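These are the residues of each chain, in order.
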Amino acid sequence: MLQASVSTLLRAPCYWALSLSLLVGCAQVNATGKSPLAPPRMADDTIALEKCTIRFAHADPDLDDQVWREIDEECLPSALRARLAANGFRAGVIGAHLPTAIEKVVRENVTAPTRNEPAEVQAQPEEELGVLDMKPVDLLSEPKVRRSLWQTRAGHPGIIITAGERARIPNVAVLVRGEDGHVTGRNYERVMGALSMKAMAEHDGRVRIEVIPELEHGEPRSRFVAGDGMIKADYRPETVLFKDLQINALLAPGQTLVLGTRADKPGSLGSHFFTEQGSAGTLEQKMLLVRVEHSPGDDAFRSGEIPDAQ
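Our subject in this report is the structure included herewith. (Residues numbered from 1 in each chain as written. Predicted model: local features only at pLDDT ≥ 70, side-chain atom pairs only at ≥ 80, totals over all residues. Heavy atoms only, no water.)

A word on the overall build of the protein chain. Each helix and strand in the protein chain was counted, giving 4 helices and 14 strands. The buried share of the protein chain, taken over its 310 residues, is 45%. Counting every atom, the protein chain has about 15,700 Å² of accessible surface; 51% of that belongs to carbon and sulfur. (Helix = DSSP H or I, 4+ residues; strand = E, 2+ residues; numbered from the N terminus. Buried < 20%, exposed > 50% of the residue type's maximum accessible area, 1.4 Å probe, protein only. Areas by Shrake-Rupley, 256 points an atom, 1.4 Å probe, with all protein chains shown as cover.)

Turning to the pattern of salt bridges, a few remarks are in order. Tallied over the full model, the rule gives 16 salt bridges. The residue glutamate 216 makes a salt bridge to arginine 168 at a minimum N-O spacing of 2.4 Å. Remark: arginine 168 occurs in the loop between β6 (158–163) and β7 (169–177) and glutamate 216 occurs in strand β9 (residues 207–227); sequence separation between them is 48 residues. We classify arginine 168 as partly exposed; its relative accessible area is 24%. Among the salt bridges present, the one from glutamate 202 reaches arginine 208, with a minimum N-O distance of 3.4 Å. When its relative accessible area of 30% is taken as the criterion, glutamate 202 is described as partly exposed. (Salt bridge = Lys/Arg side-chain N within 4 Å of Asp/Glu carboxyl O.)

As a further point, take the nonpolar core. Leu49, Ile209 and Leu259 are the most contacted members of the largest nonpolar core, which totals 36 residues. Among the elements that line this core, the one with the most residues is strand β8 (residues 183–201), at 5 residues. Among all residues touching leucine 259, those that are not within four sequence positions of it are Arg90, Ala91, Leu195, Val211, Ile247, Phe274, Lys286, Met287 and Leu288. Counting residues in hydrophobic clusters, the runner-up holds 17 residues, among them Phe56, Ile94, Val106 and Met287. (Core = buried A, V, L, I, M, F, W, Y, C linked by side-chain atoms within 4.5 Å. Contact = heavy atoms within 4.5 Å.)

The subject of this paragraph is the packing of aromatic side chains. Two numbers describe a pair of aromatic rings. These are the distance of the centres and the angle of the planes. In this structure the tally under the stated criterion is 2 aromatic pairs. The interplanar angle of 90 degrees and the centroid separation of 6.3 Å between the aromatic rings of phenylalanine 89 and phenylalanine 274 together place this pair among those described as edge-to-face. Residue phenylalanine 89 is located in strand β2 (residues 89–94), and its partner phenylalanine 274 is located in helix α4 (residues 269–274); the two are separated by 185 residues in the primary sequence. In this structure, phenylalanine 89 and phenylalanine 274 share a single accessibility class: buried. Each residue in the set Phe89, Phe273 and Phe274 is aromatic and connected to the rest through ring pairs, giving one cluster. (Phe/Tyr/Trp six-rings, centres within 6.5 Å; stacked < 30°, edge-to-face > 60°.)

Our focus in this paragraph is helix α2 (residues 78–86). For α2, every residue scored as buried is listed here: Leu80, Arg83 and Leu84. With its buried residues spanning 100 degrees around the axis, α2 presents them on a single face. Tucked into the core, α2 has its buried residues touching β2 and β11 (247–251). At the C-terminal side of α2, glycine 88 shows a positive phi close to 80 degrees. (Arc of directions from axis to C-beta.)

Below, the discussion takes up the pairing of β8. Across 5 bridges, the pairing between β6 and β8 is antiparallel. In the sheet register, isoleucine 161 faces β8, and the bridge partner there is alanine 194. With 8 bridges connecting them, β7 and β8 associate as antiparallel partners. Across the sheet, valine 172 pairs through a bridge with tyrosine 188, a residue of β8. The antiparallel pairing of β7 with β8 creates a hairpin that spans 5 residues between the two strands, and glycine 181 there sits at a positive phi of about 85 degrees. (Pairing = 2+ DSSP bridges.)

Among all positions of helix α3 (residues 100–108), only Ala101, Ile102, Val105 and Val106 are buried. Along the axis of α3, the buried residues cluster in a sector spanning 130 degrees; they form a single face. Turned more than 90 degrees away from the buried face of α3, the exposed residues are Thr100, Lys104, Arg107 and Glu108. Tucked inside the fold, the buried residues of α3 contact β1 (46–57), α1 (61–65), β5 (145–153) and β14 (283–294).

Here we come to unusual backbone geometry. Phi angles above zero are rare outside glycine, and alanine 59 is one such case at about 65 degrees. Tracing the backbone through its elements, the reader meets alanine 59 in the loop between β1 and α1. Using a relative accessible area of 38% as the deciding quantity, one classes alanine 59 as partly exposed. One non-glycine residue, arginine 190, adopts positive backbone phi at about 50 degrees. Summarising the element assignment, arginine 190 is placed in strand β8.

What follows is the structure, given as C-alpha coordinates:
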(Lines give C-alpha, C1' and ligand atoms only; values in the text may rest on other atoms or scores of the structure.)
Protein backbone atom coordinates (compact mmCIF):
# COMPACT_ATOMS: atom_id res chain seq x y z
CA MET A 1 0.00 0.00 0.00
CA LEU A 2 1.57 5.83 -0.49
CA GLN A 3 9.20 9.36 -1.17
CA ALA A 4 21.44 16.73 -2.37
CA SER A 5 22.35 16.17 0.92
CA VAL A 6 20.04 16.47 3.89
CA SER A 7 20.46 20.19 3.61
CA THR A 8 18.74 20.05 0.21
CA LEU A 9 16.07 17.76 1.67
CA LEU A 10 15.42 14.92 -0.61
CA ARG A 11 18.20 13.94 -2.93
CA ALA A 12 20.62 12.78 -0.23
CA PRO A 13 21.26 9.04 0.00
CA CYS A 14 20.79 9.27 3.77
CA TYR A 15 17.18 10.42 3.49
CA TRP A 16 15.08 10.71 0.35
CA ALA A 17 17.02 9.31 -2.63
CA LEU A 18 16.47 5.68 -3.55
CA SER A 19 19.31 3.21 -2.82
CA LEU A 20 20.70 1.11 -5.70
CA SER A 21 22.78 -2.03 -4.96
CA LEU A 22 24.25 -4.23 -7.70
CA LEU A 23 25.76 -7.64 -6.97
CA VAL A 24 27.32 -9.27 -10.04
CA GLY A 25 29.54 -12.15 -8.87
CA CYS A 26 33.16 -11.02 -9.11
CA ALA A 27 32.53 -8.70 -12.02
CA GLN A 28 33.38 -5.06 -11.52
CA VAL A 29 30.64 -2.52 -12.18
CA ASN A 30 31.58 0.93 -13.36
CA ALA A 31 29.10 3.32 -11.66
CA THR A 32 30.55 6.49 -13.08
CA GLY A 33 28.48 7.95 -15.87
CA LYS A 34 25.60 5.91 -17.29
CA SER A 35 23.57 3.43 -15.30
CA PRO A 36 23.87 -0.22 -16.48
CA LEU A 37 20.11 -0.52 -15.92
CA ALA A 38 17.48 0.85 -18.28
CA PRO A 39 15.98 4.07 -16.92
CA PRO A 40 12.55 3.64 -15.33
CA ARG A 41 9.66 4.28 -17.71
CA MET A 42 6.85 6.42 -16.39
CA ALA A 43 3.61 7.36 -18.09
CA ASP A 44 3.36 10.97 -19.18
CA ASP A 45 0.79 11.75 -16.48
CA THR A 46 2.50 9.85 -13.65
CA ILE A 47 3.16 11.62 -10.36
CA ALA A 48 5.60 10.20 -7.80
CA LEU A 49 5.17 11.09 -4.14
CA GLU A 50 7.45 10.08 -1.32
CA LYS A 51 5.73 9.63 2.02
CA CYS A 52 7.58 9.82 5.33
CA THR A 53 5.92 9.13 8.69
CA ILE A 54 7.75 10.26 11.84
CA ARG A 55 6.80 9.04 15.32
CA PHE A 56 7.89 10.95 18.42
CA ALA A 57 7.01 11.47 22.08
CA HIS A 58 3.69 13.19 22.68
CA ALA A 59 4.05 16.96 23.18
CA ASP A 60 7.74 16.87 22.26
CA PRO A 61 8.79 20.54 22.55
CA ASP A 62 10.80 20.43 19.33
CA LEU A 63 8.59 18.38 17.00
CA ASP A 64 5.21 19.44 18.36
CA ASP A 65 5.94 23.15 18.71
CA GLN A 66 9.30 24.56 17.64
CA VAL A 67 9.38 22.80 14.26
CA TRP A 68 6.20 24.53 13.08
CA ARG A 69 8.00 27.87 13.16
CA GLU A 70 9.97 26.59 10.16
CA ILE A 71 6.88 25.29 8.31
CA ASP A 72 4.79 27.59 6.13
CA GLU A 73 1.21 27.25 7.38
CA GLU A 74 0.09 30.50 5.79
CA CYS A 75 0.09 28.89 2.34
CA LEU A 76 -3.37 27.60 3.33
CA PRO A 77 -6.40 29.92 3.56
CA SER A 78 -6.89 31.43 7.02
CA ALA A 79 -10.44 30.07 7.32
CA LEU A 80 -9.19 26.54 6.63
CA ARG A 81 -6.33 26.94 9.13
CA ALA A 82 -8.88 27.95 11.76
CA ARG A 83 -11.05 24.90 11.05
CA LEU A 84 -8.04 22.59 11.13
CA ALA A 85 -6.81 24.08 14.41
CA ALA A 86 -10.24 23.80 16.02
CA ASN A 87 -10.30 20.10 15.17
CA GLY A 88 -6.74 19.33 16.23
CA PHE A 89 -5.04 19.28 12.82
CA ARG A 90 -2.02 21.19 11.60
CA ALA A 91 -0.71 21.48 8.03
CA GLY A 92 1.91 23.42 6.12
CA VAL A 93 4.59 23.26 3.43
CA ILE A 94 8.39 23.11 3.53
CA GLY A 95 10.79 23.67 0.68
CA ALA A 96 14.28 22.40 -0.04
CA HIS A 97 15.52 22.40 3.57
CA LEU A 98 14.29 20.19 6.39
CA PRO A 99 13.47 21.91 9.66
CA THR A 100 16.24 21.22 12.18
CA ALA A 101 14.15 18.98 14.47
CA ILE A 102 12.95 16.82 11.56
CA GLU A 103 16.46 16.59 10.12
CA LYS A 104 17.74 15.34 13.47
CA VAL A 105 15.19 12.55 13.88
CA VAL A 106 15.62 11.48 10.26
CA ARG A 107 19.42 11.31 10.59
CA GLU A 108 19.11 9.13 13.68
CA ASN A 109 16.49 6.78 12.22
CA VAL A 110 17.20 6.71 8.49
CA THR A 111 15.84 3.75 6.48
CA ALA A 112 15.59 3.14 2.76
CA PRO A 113 12.16 3.84 1.27
CA THR A 114 9.97 0.98 0.11
CA ARG A 115 8.67 1.28 -3.42
CA ASN A 116 4.95 0.91 -4.04
CA GLU A 117 3.62 -0.28 -7.38
CA PRO A 118 1.43 2.17 -9.29
CA ALA A 119 -1.90 2.30 -7.52
CA GLU A 120 -3.90 1.46 -10.64
CA VAL A 121 -2.32 -2.00 -10.96
CA GLN A 122 -2.47 -3.06 -7.31
CA ALA A 123 -4.77 -6.00 -6.59
CA GLN A 124 -7.35 -4.51 -4.25
CA PRO A 125 -11.08 -4.93 -3.61
CA GLU A 126 -11.71 -1.33 -4.72
CA GLU A 127 -10.04 -1.11 -8.11
CA GLU A 128 -10.25 2.67 -8.24
CA LEU A 129 -8.54 3.08 -4.89
CA GLY A 130 -4.75 3.30 -4.54
CA VAL A 131 -3.57 2.43 -1.05
CA LEU A 132 -0.29 3.55 0.44
CA ASP A 133 1.40 1.30 3.00
CA MET A 134 -1.72 -0.83 3.48
CA LYS A 135 -0.05 -3.37 5.76
CA PRO A 136 -0.25 -4.44 9.41
CA VAL A 137 1.89 -2.41 11.78
CA ASP A 138 3.59 -3.88 14.83
CA LEU A 139 4.13 -0.96 17.18
CA LEU A 140 6.63 -3.02 19.17
CA SER A 141 9.06 -2.92 16.26
CA GLU A 142 7.71 -0.03 14.20
CA PRO A 143 10.56 2.34 13.24
CA LYS A 144 10.38 5.98 14.22
CA VAL A 145 10.81 6.95 10.57
CA ARG A 146 9.06 5.05 7.79
CA ARG A 147 9.21 6.00 4.12
CA SER A 148 7.63 4.77 0.90
CA LEU A 149 7.40 5.86 -2.73
CA TRP A 150 4.01 5.97 -4.44
CA GLN A 151 3.58 6.33 -8.18
CA THR A 152 0.10 7.24 -9.34
CA ARG A 153 -1.70 8.65 -12.34
CA ALA A 154 -2.76 12.25 -11.96
CA GLY A 155 -6.13 12.51 -10.23
CA HIS A 156 -6.13 8.85 -9.13
CA PRO A 157 -7.28 8.65 -5.46
CA GLY A 158 -5.43 6.81 -2.74
CA ILE A 159 -5.50 6.57 1.03
CA ILE A 160 -2.92 6.84 3.79
CA ILE A 161 -3.99 4.99 6.93
CA THR A 162 -3.09 6.96 10.05
CA ALA A 163 -5.15 5.29 12.80
CA GLY A 164 -6.14 1.67 13.29
CA GLU A 165 -3.69 0.22 10.77
CA ARG A 166 -2.49 -2.45 13.19
CA ALA A 167 -6.01 -3.28 14.37
CA ARG A 168 -9.24 -1.32 14.15
CA ILE A 169 -9.94 0.85 17.17
CA PRO A 170 -12.88 -0.72 19.08
CA ASN A 171 -14.61 2.53 19.98
CA VAL A 172 -13.87 6.20 19.32
CA ALA A 173 -15.77 9.27 20.52
CA VAL A 174 -15.28 11.99 17.89
CA LEU A 175 -15.98 15.68 18.51
CA VAL A 176 -16.07 17.99 15.49
CA ARG A 177 -16.18 21.78 15.71
CA GLY A 178 -17.91 23.54 12.79
CA GLU A 179 -17.23 26.97 11.32
CA ASP A 180 -19.86 28.48 13.62
CA GLY A 181 -18.10 27.05 16.66
CA HIS A 182 -20.84 24.50 17.25
CA VAL A 183 -19.55 21.14 18.45
CA THR A 184 -21.11 17.86 17.38
CA GLY A 185 -20.13 14.44 18.62
CA ARG A 186 -20.67 10.80 17.84
CA ASN A 187 -19.33 7.41 18.89
CA TYR A 188 -17.94 5.13 16.19
CA GLU A 189 -17.09 1.43 16.51
CA ARG A 190 -14.37 -0.58 14.79
CA VAL A 191 -12.68 2.56 13.48
CA MET A 192 -9.90 3.12 10.95
CA GLY A 193 -8.75 6.69 10.31
CA ALA A 194 -7.26 7.62 6.94
CA LEU A 195 -6.40 10.52 4.68
CA SER A 196 -7.93 10.33 1.22
CA MET A 197 -5.39 11.81 -1.19
CA LYS A 198 -5.27 12.87 -4.84
CA ALA A 199 -2.39 14.43 -6.76
CA MET A 200 -3.20 16.51 -9.83
CA ALA A 201 -0.66 17.97 -12.25
CA GLU A 202 -0.71 21.68 -13.09
CA HIS A 203 0.43 23.10 -16.43
CA ASP A 204 3.43 24.85 -14.83
CA GLY A 205 4.93 21.57 -13.52
CA ARG A 206 3.59 21.93 -9.99
CA VAL A 207 1.32 19.37 -8.32
CA ARG A 208 -1.90 20.08 -6.46
CA ILE A 209 -2.37 17.66 -3.56
CA GLU A 210 -5.87 17.23 -2.18
CA VAL A 211 -6.26 15.63 1.26
CA ILE A 212 -9.54 14.80 3.05
CA PRO A 213 -9.69 13.10 6.48
CA GLU A 214 -12.05 10.12 6.59
CA LEU A 215 -13.20 7.54 9.12
CA GLU A 216 -14.14 4.01 8.15
CA HIS A 217 -16.26 2.34 10.82
CA GLY A 218 -18.50 -0.60 11.58
CA GLU A 219 -18.82 -3.94 9.80
CA PRO A 220 -18.54 -4.30 6.03
CA ARG A 221 -21.84 -4.34 4.16
CA SER A 222 -23.04 -4.57 0.59
CA ARG A 223 -24.14 -1.41 -1.17
CA PHE A 224 -24.18 0.25 -4.56
CA VAL A 225 -22.08 3.34 -5.21
CA ALA A 226 -21.86 5.78 -8.12
CA GLY A 227 -18.52 6.50 -9.75
CA ASP A 228 -16.99 7.11 -13.17
CA GLY A 229 -20.44 7.39 -14.73
CA MET A 230 -21.67 4.00 -13.53
CA ILE A 231 -23.25 2.25 -10.57
CA LYS A 232 -21.30 -0.64 -9.12
CA ALA A 233 -21.47 -2.99 -6.15
CA ASP A 234 -19.27 -2.29 -3.13
CA TYR A 235 -18.60 -4.26 0.05
CA ARG A 236 -16.90 -2.27 2.77
CA PRO A 237 -17.58 -0.51 6.08
CA GLU A 238 -19.32 2.85 6.20
CA THR A 239 -17.08 5.85 5.48
CA VAL A 240 -17.42 9.41 6.81
CA LEU A 241 -15.65 12.18 4.88
CA PHE A 242 -14.80 15.44 6.67
CA LYS A 243 -14.96 17.68 3.61
CA ASP A 244 -14.87 20.90 5.67
CA LEU A 245 -11.27 19.95 6.54
CA GLN A 246 -10.17 19.35 2.95
CA ILE A 247 -6.63 20.58 2.27
CA ASN A 248 -5.52 21.74 -1.18
CA ALA A 249 -1.79 22.42 -1.38
CA LEU A 250 0.08 23.49 -4.51
CA LEU A 251 3.63 22.10 -4.50
CA ALA A 252 6.60 22.29 -6.85
CA PRO A 253 8.81 19.19 -7.23
CA GLY A 254 10.98 19.01 -4.12
CA GLN A 255 8.46 20.68 -1.83
CA THR A 256 6.78 18.77 0.99
CA LEU A 257 3.33 18.88 2.57
CA VAL A 258 3.47 18.36 6.36
CA LEU A 259 0.47 17.10 8.34
CA GLY A 260 0.15 16.57 12.08
CA THR A 261 -1.86 17.25 15.21
CA ARG A 262 -1.73 19.54 18.22
CA ALA A 263 -0.82 18.08 21.60
CA ASP A 264 -3.04 20.69 23.28
CA LYS A 265 -6.16 19.25 21.54
CA PRO A 266 -6.60 15.82 23.20
CA GLY A 267 -9.71 13.96 22.07
CA SER A 268 -10.00 16.01 18.88
CA LEU A 269 -10.37 14.46 15.43
CA GLY A 270 -6.75 15.31 14.62
CA SER A 271 -5.62 13.69 17.86
CA HIS A 272 -7.34 10.44 16.89
CA PHE A 273 -5.59 10.55 13.50
CA PHE A 274 -2.06 11.36 14.67
CA THR A 275 -1.58 9.86 18.14
CA GLU A 276 -1.12 6.25 19.26
CA GLN A 277 0.18 4.14 22.11
CA GLY A 278 3.89 3.38 21.71
CA SER A 279 5.68 0.12 22.49
CA ALA A 280 6.40 1.24 26.06
CA GLY A 281 2.77 2.16 26.68
CA THR A 282 3.48 5.87 26.35
CA LEU A 283 1.51 8.17 24.09
CA GLU A 284 3.19 9.09 20.80
CA GLN A 285 2.46 11.58 18.07
CA LYS A 286 2.90 11.10 14.35
CA MET A 287 3.81 13.57 11.64
CA LEU A 288 3.28 12.88 7.95
CA LEU A 289 5.46 14.36 5.19
CA VAL A 290 4.44 14.00 1.55
CA ARG A 291 7.05 15.20 -0.93
CA VAL A 292 6.58 15.68 -4.66
CA GLU A 293 9.32 13.50 -6.10
CA HIS A 294 8.28 13.67 -9.75
CA SER A 295 5.62 15.45 -11.77
CA PRO A 296 4.70 15.29 -15.48
CA GLY A 297 7.35 17.15 -17.47
CA ASP A 298 10.05 16.48 -14.87
CA ASP A 299 12.81 14.35 -16.45
CA ALA A 300 14.48 13.41 -13.16
CA PHE A 301 13.21 9.81 -13.37
CA ARG A 302 13.97 9.42 -17.09
CA SER A 303 17.70 10.04 -16.91
CA GLY A 304 20.17 7.19 -17.08
CA GLU A 305 22.76 9.16 -15.15
CA ILE A 306 23.83 8.09 -11.68
CA PRO A 307 24.27 11.24 -9.59
CA ASP A 308 27.62 11.77 -7.92
CA ALA A 309 27.78 10.77 -4.28
CA GLN A 310 27.88 13.68 -1.86
